[in-house]
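Residues per chain, in single letters:
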Amino acid sequence: MHPFISTGSIACMDANLTLLVNGKQHTLRVDPATPLLYVLRNDLALNGPKFGCGLQQCGACMVLLNDIAWPSCQLPVHQVTGGVAITTLEGLTKPDGTLHPVQAAFVQEQAAQCGYCLNGMVISAVSLLKQYPKPDEAAIRNGLFRVLCRCSVQARAIRAVQRAAGV
């Protein structure tokens, strides 16, 4: 269980839920058991997190919950109400369009190919660097281990995290 996720009861009908997403509050009428991923994509039109496996095993659906990377494909939306800060890939970019240092490093290292893993890699890297600003390669590998990459950009992703960390 994630340390910032509440464990309130689940209702079986739509309810008004307030979410803090990318620094803005949103009140939505949704079934509390709906996975957070679906609410982000379908109700808030945030398409950074992707549906990959639906089993919390590929990392495509990663979001930051209070700065910790967490899969959103099975996480019931009611568990992230009450002030949990949810950040998606879109929320990393500044309002003027300036990329987050991790995003910029991924561009500079050309650490994207098919895009399947990109959201998870970036979100996981941001989380890692918030916890460990100067990680060694082993820590980076460990920080990215939950993200499945099908086209083998792992080496470039590691270099991108090192670049973002200034290592």
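Let me begin by describing the structure that accompanies this report.

Criteria and cut-off values
Residues numbered from 1 in each chain as written. Predicted model: local features only at pLDDT ≥ 70, side-chain atom pairs only at ≥ 80, totals over all residues. Heavy atoms only, no water. Pairing = 2+ DSSP bridges. Helix = DSSP H or I, 4+ residues; strand = E, 2+ residues; numbered from the N terminus. Axes fitted to C-alpha atoms, helices over the stretch in contact; angles between N-to-C directions. Phe/Tyr/Trp six-rings, centres within 6.5 Å; stacked < 30°, edge-to-face > 60°. Lys NZ or Arg CZ within 6 Å of the ring centre and 35° of its normal. Contact = heavy atoms within 4.5 Å.

## Details of the sheet that holds strand S3 (residues 62-65)
- Pairing is mixed across the open sheet formed by five strands, whose spatial order is S2-S1-S5-S3-S4. In this open sheet, the two strands that pair with only one neighbour each are strand S2 (24-30) and strand S4 (68-71). Put simply, the sheet's adjacent strands are angled 40° from each other on average, direction ignored.
- Sheet topology note: the S3/S4 ladder contains four bridges and is antiparallel.

## Quick notes on the packing of aromatic side chains
- A full pass over the atoms with the stated rule returns zero aromatic pairs.
- Over the face of the ring belonging to Tyr116 we find Arg150, whose NZ or CZ atom lies 4.3 Å from the ring centre.

## Thoughts on the environment of Lys134
- Looking at the secondary structure, you find Lys134 in the loop between helix H4 (118-131) and helix H5 (137-144).
- Separated by 31 residues in sequence, Lys134 and Ala165 have C-alpha atoms that sit 5.7 Å apart.
- Among residues more than four places away in sequence, those in contact with Lys134 are Ala165, Gly166 and Val167.

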